[in-house]
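Geometric and topological summary
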Amino acid sequence: MNELSLNEPAGVLVKTTCVDYPGILAGSFFLKGCNLRCPYCYNTGLVLGKDDGTQPLNTVQELFDHLEKRQGILKGLTVSGGEPLLNPYTPLIIRKAKDLGYLVKLDTNGTLPDELESFINDPELHPDFIAMDIKTSPERYAQVICPSFSKYHGNSDHFVNVLTRSAKLVAAYPADHREWRTVLVPPLVQKEDIKNMSAILPADASWQFAQFMNQNCIDPSYNEIYPYSDLEAKEIIEYAKTFIQKSELR
């Protein structure tokens, strides 16, 4: 592989955040490129791996300069995406952040358990905190989440397998160093989906829900879908609590 350039547009830098890394004042870097095409996703430029003008992209060098400047003030760095386990910059970023004394949180969509396990087992890349997305019933990924050009489109068994493996890897972390996240998209997250998703999570999981935003979706038809009302969202989360007690709307 050619040597990576630190001066090429690589992702979106959030200089300071109180929400991306639970309990930690941190920075975040959202790397471009993803292996999924979630129909409700609004980060089109990041997912498709190109600058679409909606979010100016930063370089890895800009990230490194920021981390050096804020050393001793920020405590952590969240590496997100896209899907960072696909991105060749991710190991470079994690090593640099750790060298500077930062705690590292990794966000992943859970479809790459081999890569996730490799990071976890490498002392130089081992994330201090992992957040795994779970988007709908694992059995439904093959049709509603995985793009038709993927070799896994239509292969439900594949997604049940990889998501279950990734969930087990994340579950091995201490309870306060991991979480699962779900966006409340009405066609994708209903009571039956809640039941099916909870089946691969540990009982002591932190399951964080977010409301769906019907704007700039990759699938334009999702712009016409109304989010759940506050009451409907509350009812779904109360149902989730019957399986995973620590389920909450973030």
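1. So, the environment of Arg37
Mapped onto the elements of the fold, Arg37 is located in the loop between strand S2 (26–31) and helix H1 (44–48). The class for Arg37 is partly exposed, based on a relative accessible area of 22%. Along the backbone, Arg37 and Leu116 are 79 residues apart, and their C-alpha atoms lie at a distance of 20 Å. Looking at Arg37, its side chain comes within polar contact range of the main-chain oxygen of Cys34, at 2.9 Å.

2. Topic: the packing of aromatic side chains
One pass over the full model with this rule turns up five aromatic pairs. Ring centres 4.8 Å apart and planes at 35° place the aromatic pair Trp207 and Phe209 in the tilted group. With a relative accessible area of 0%, Trp207 lands in the buried category. For Phe209, a relative accessible area of 1% translates into the label buried. Taken together, the aromatic side chains of Tyr141, Tyr152 and Phe159 make up a single cluster linked through ring pairs. Lying across the ring of Phe64, Lys96 places its NZ or CZ 5.6 Å from the centre. In this arrangement the basic side chain of Lys191 is found over the ring face of Tyr239, its NZ or CZ atom lying 5.2 Å from the centre.

3. Quick look at the packing of helix H4 (residues 113–121) against helix H6 (residues 156–171)
Here H4 crosses H6 at 15°, and the two axes come no closer than 9 Å. One element, H4, and the other, H6, form an angle in the roughly parallel class. The hand of the H4/H6 crossing is left-handed. Every residue of H6 that contacts H4 at Pro113, Asp114, Leu116, Glu117 and Ile120 is listed here: Val162, Arg165, Ser166, Leu169 and Val170. The residue makeup of the contact of H4 with H6, split by class, is six nonpolar, one polar and three charged.

4. What to know about the state of the cysteines
In the structure shown here, the tally under the stated rule is zero disulfides. Cysteine Cys217 is unpaired, with the sulfur of Cys41 as its nearest cysteine sulfur at 8.4 Å. The buried category is assigned to Cys217, whose relative accessible area is 8%.

5. Examining helix H2 (residues 60–69)
Where H2 is concerned, the buried positions are Val60, Leu63, Phe64, His66 and Leu67. Viewed along the axis of H2, the buried residues span an arc of 160°, placing them on a single side of the element. Structurally, H2 contributes buried residues whose contacts are with strand S1 (9–17), S2, strand S3 (58–59), strand S4 (76–80) and helix H3 (89–99).

Rules of the game
- Residues numbered from 1 in each chain as written.
- Predicted model: local features only at pLDDT ≥ 70, side-chain atom pairs only at ≥ 80, totals over all residues.
- Heavy atoms only, no water.
- Helix = DSSP H or I, 4+ residues; strand = E, 2+ residues; numbered from the N terminus.
- Buried < 20%, exposed > 50% of the residue type's maximum accessible area, 1.4 Å probe, protein only.
- Polar contact = N/O pair within 3.5 Å; in protein donor to acceptor, adjacent residues only side chain to side chain.
- Phe/Tyr/Trp six-rings, centres within 6.5 Å; stacked < 30°, edge-to-face > 60°.
- Lys NZ or Arg CZ within 6 Å of the ring centre and 35° of its normal.
- Axes fitted to C-alpha atoms, helices over the stretch in contact; angles between N-to-C directions.
- Parallel < 35°, antiparallel > 145°, perpendicular 65-115°, else oblique.
- Left-handed = near helix turned anticlockwise from the far one by under 90°.
- Contact = heavy atoms within 4.5 Å.
- Nonpolar A, V, L, I, M, F, W, Y, C, P; charged D, E, K, R; others polar.
- Disulfide = S-S within 2.5 Å.
- Arc of directions from axis to C-beta.

Scope: geometric values only; no functional claims are made or implied.
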